[in-house]
Amino acid sequence: MKLLRNAHFYLSNGFENPVTALLIDQGRIASLLEGKEDTLPDAERVDLHGAWVYPGFIDAHTHSFSGGLYQNGVDLSACTCLDEVFTLLSEADKSARDRIFAWRFAEENIREKRFPTVNELDRVCPRNQLLLRRIDGHSCVLNSYARRVVRGLQSVEEVLTGVDNDLAVNWLQENCTARTILNAYHAAAKTALKGGFTRVHTMVGDAQQDNQHFRLVRQYSYKFPISFELYPQSFNIPDALALQARRIGGCILADGSLGSHTAALSSPYQDSPGVGNLYQSDSFWNEFIAGAHANQLQVGVHCIGDAAIDQINNAYLRLDPQEVRTLRHQLIHCELTPDPLLERIAASGATPVMQPNFDLLWGGDSGFYAHRLGVERSRQMNRWGSFTRAGVRVCGSSDWYITELNIAMSLHAAINHHNPDERLTPAEAIRVYTENNAWLARAEDRYGRIAPGFEADLSVMDTDFTQSFDYIQARTTAVFRSGEQVYAST
Ligand SMILES: [Zn+2]
Ligand SMILES: [Zn+2]
C-alpha cells in the first residue's frame, strides 16, 4: 500500500475538498483520506511537498512515432530567416550518419516567406539525405541526395505536397529497424511524462503501411512508462479486425491542411483562389464508415475545412446517432464549423477531437487563420465553448508532433481561446483531458478520475490550473501510473 500525502487533490469539482491523502493498493485508488493518516502505519508514505495532483492527463491524438523520431531531428520552429535554418542544417550534416529529419518549418515565420530551394539544401547538407518538413506535415522539401532515393515522385516542383509529400515521408519512416521504432516510442513516452501525461492516443502507420508498428508497440507495451492507445491508420477493415483493434483510422485524410491550402472549404480561401481538396468521394467514405461501424470499430477521420468535416459528418448522419455515440466515432481536428454544421454534428452524435494549441498558435484577428480565411471565418474555428453548450462532448489533444505535448499549454489555450465565446472554464478544460479523453477510449469507468476503484494514474504538477497560471512556468513534478512512480522532475 502506498500513501500519497501533503498535496492538493483534484476531485471532479476542483481542489476545494477536505482530502489530505490518497491510499493506493494494487495499482488502484483504495480510498481518499481526510486526516486519519496515522491509522495506516504499514503504508509506504510519499510526500508530494504541497503539489497539485490531477487524474492522469490523457492526450487524445498524437503521432508518437514521428514525434519520437523527430526528437532526434532538427527543430526549425525558432528560425526567423533562412540563414538560421542553414546554420542548424549544416551543423546536423556534420554529425548525422545518413539521414536528417528537419521539422516544424513555417515559411510565414521566416523573413524570406519561402521554403529553402533544393540547391540551397544541397549546399548546407551535402553528406546526408535530408527531409525538411512544414510544421503542419502537409508539405516538405528534399535535398538532391534524398530526391534520388525516394521512388515514384510525380512532381518536378521542389516543394512536395499531396501524394508526393506522403511518398517522401513514408520513405523517411520505412526500413526502420524494430529497435529504431521502439526507441522512437520510448522518446515519445519521455516527452509525454515531462508534459504531464500518463496516457496518449497514438496514430500508427498510415493508409499505405503494414501493421508492423502496431504489433510491435502492442507486444512491448509493458515496457513503456506510459500507456499508448493505438489507432491503426488504415482503410483496411479486415486487417484492423485481424489485429483485434477496437478502432480504425486516425489522420486518414478527408482533406489536407490550411497551411498547404489543401483543407477543403465550402467557399474560397481569402489569400488564394481555390477551395482546397476533398481527397475521397462521398461514396468512398459512406462505404468505409458504414463497414467499420457494422464491425463495431470506432472510426477516426482527419477533417479540417468545413467541406471535409461536412462530408465525414454526413457519413455519420447515415448511421444511428445512439450507436455513433456508443462507438465514439471521431471528427479529428474539426477546425472550421459554422453554426449550421455545428448543429449537424450535434445531431450525428460524432465526437470532435480538437487541438486547443491551434488557436493559441494561429487564432486572433491578425493571426494565421484570419490571413488564410478572413476574420469572420476565423471566428468560427476550434469551437470548444459552442460545442460544449450544444451538449457535444469534446476531446482534446496536441496532435504532437504538430504542437507541443504539454498539458499546461493545452489547458491554457482552451481556457484563453482568443474568442471569449469559445473559452472553456478551467474545470471544463481539465475534464476534457481526463474524463472525456478516458470516455473516448470507452474507459471512463477505469481511469480519468481520482475516486476509489479507479486506476492510480496521477499527474502531479507544481501548478493549480483552476487559478490563472503561466503555462510556460508550469512543471510536472511527478507522474504515477497504476500507483508506480514513473516520472520525477530533476
Ligand atoms: Zn494527426
Ligand atoms: Zn490530421
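Located above this text is the structure these notes cover.
### Looking at the coordination of the zinc ion (ligand 2)
At this site the zinc ion (ligand 2) is bound by Cys251 (SG), His302 (ND1) and His333 (NE2), with donor distances of 2.1 Å. Every donor residue of the zinc ion (ligand 2) comes from the same chain, spaced as C-x50-H-x30-H. A separation of 3.1 Å is found between the zinc ion (ligand 2) and the zinc ion (ligand 1), which are bridged by cysteine 251. With a gap of 51 residues between them, cysteine 251 in strand β13 (residues 247-253) and histidine 302 in strand β14 (residues 298-303) connect regions that are remote in the sequence. No difference in accessibility class separates cysteine 251 from histidine 302, as the two residues are buried.

### A short note on the pattern of salt bridges
Counted under the stated rule, the structure contains 18 salt bridges. Taking the shortest distance from any N to any O, the salt bridge between aspartate 310 and arginine 344 comes out at 3.0 Å. Here the residue aspartate 310 occupies a position in helix α10 (residues 306-317), and arginine 344 occupies one in helix α12 (residues 339-348), the gap between them amounting to 34 residues. Take arginine 344: its relative accessible area is 31%, and that puts it in the partly exposed class. Each of the salt bridges in this network shares a partner with another, and the network as a whole consists of Arg199, Glu229, Arg247, Arg446, Glu455 and Asp457.

### Some points on the sheet that holds β14
Ordered in space as β13-β14-β15-β16-β17, the 5 strands form an open sheet in which the pairing is parallel. With one partner strand each, in any of the chains shown, β13 and β17 (395-396) form the two edges of the open sheet. Bridge analysis of β13 against β14 gives 4 bridges, and the strand direction is parallel. Across the sheet, the residue bridging to isoleucine 248 is valine 299, located in β14. On the sheet, helix α9 (residues 282-294) packs against β13 and β14 and is oriented at approximately 155 degrees with respect to β13. Contacts from α10 reach β14 and β15 (330-333) within the one sheet, and its direction differs from that of β14 by about 160 degrees.

### Digging into the nonpolar core
Counting residues in each nonpolar core, the largest one holds 107 residues, and the members touching the most others are Phe57, Phe228, Leu258, Leu411 and Phe465. The element contributing the most residues to this core is helix α6 (residues 178-194), with 8 residues. Apart from the residues lying within four places of it in its own chain, the contact partners of phenylalanine 228 are Ser64, Tyr185, Ala188, Ala189, Val200, Thr202 and Val217. Counting 21 residues, the second-largest nonpolar core is a separate cluster that includes Val74, Cys79, Phe115 and Leu130.

### A look at the packing of α6 against helix α7 (residues 212-219)
Packed helix pairs are characterised by how far apart their axes lie and by the angle those axes make with each other. Two elements in contact, α6 and α7, have axes separated by 11 Å at closest approach and are oriented at 65 degrees. As for how α6 packs across α7, the hand of that crossing is right-handed. On α7, the residues touching Ala178, Ile181, Leu182 and Tyr185 of α6 are Gln212, His213, Leu216 and Val217. Residue composition of the contact of α6 with α7, by class: 6 nonpolar, 2 polar and no charged.

### Points about α9
The end-to-end C-alpha separation of α9 is 18 Å, in line with the 18 Å expected for 13 residues at 1.5 Å each. All buried positions along α9 are accounted for by Trp285, Asn286, Phe288, Ile289, Ala292 and His293. The inward-facing, buried residues of α9 abut α8 (237-242), β13, β14, α10 and α11 (321-327). Residue glutamine 296 follows α9 closely and has a positive phi angle near 65 degrees.

### Observations concerning the side chain of glutamate 229
The topology assignment puts glutamate 229 in strand β12 (residues 227-232). A distance of 3.2 Å separates the side chain of glutamate 229 from the side chain of arginine 247, its partner in a polar contact. A distance of 3.4 Å separates a polar atom in the side chain of glutamate 229 from a polar atom in the side chain of tyrosine 447. Not counting chain neighbours up to four residues away, the residues in contact with glutamate 229 comprise Arg199, Val200, His201, Thr202, Arg247, Ala441 and Tyr447.

Conventions we followed
Residues numbered from 1 in each chain as written. Chains lettered and ligands numbered in written order. Predicted model: local features only at pLDDT ≥ 70, side-chain atom pairs only at ≥ 80, totals over all residues. Heavy atoms only, no water. Donors = N, O, S within 2.8 Å, 3.2 Å for Na, K, Ca; no water. Helix = DSSP H or I, 4+ residues; strand = E, 2+ residues; numbered from the N terminus. Buried < 20%, exposed > 50% of the residue type's maximum accessible area, 1.4 Å probe, protein only. Salt bridge = Lys/Arg side-chain N within 4 Å of Asp/Glu carboxyl O. Pairing = 2+ DSSP bridges. Contact = heavy atoms within 4.5 Å. Axes fitted to C-alpha atoms, helices over the stretch in contact; angles between N-to-C directions. Core = buried A, V, L, I, M, F, W, Y, C linked by side-chain atoms within 4.5 Å. Left-handed = near helix turned anticlockwise from the far one by under 90°. Nonpolar A, V, L, I, M, F, W, Y, C, P; charged D, E, K, R; others polar. Expected span 1.5 Å × (residues − 1). Polar contact = N/O pair within 3.5 Å; in protein donor to acceptor, adjacent residues only side chain to side chain.

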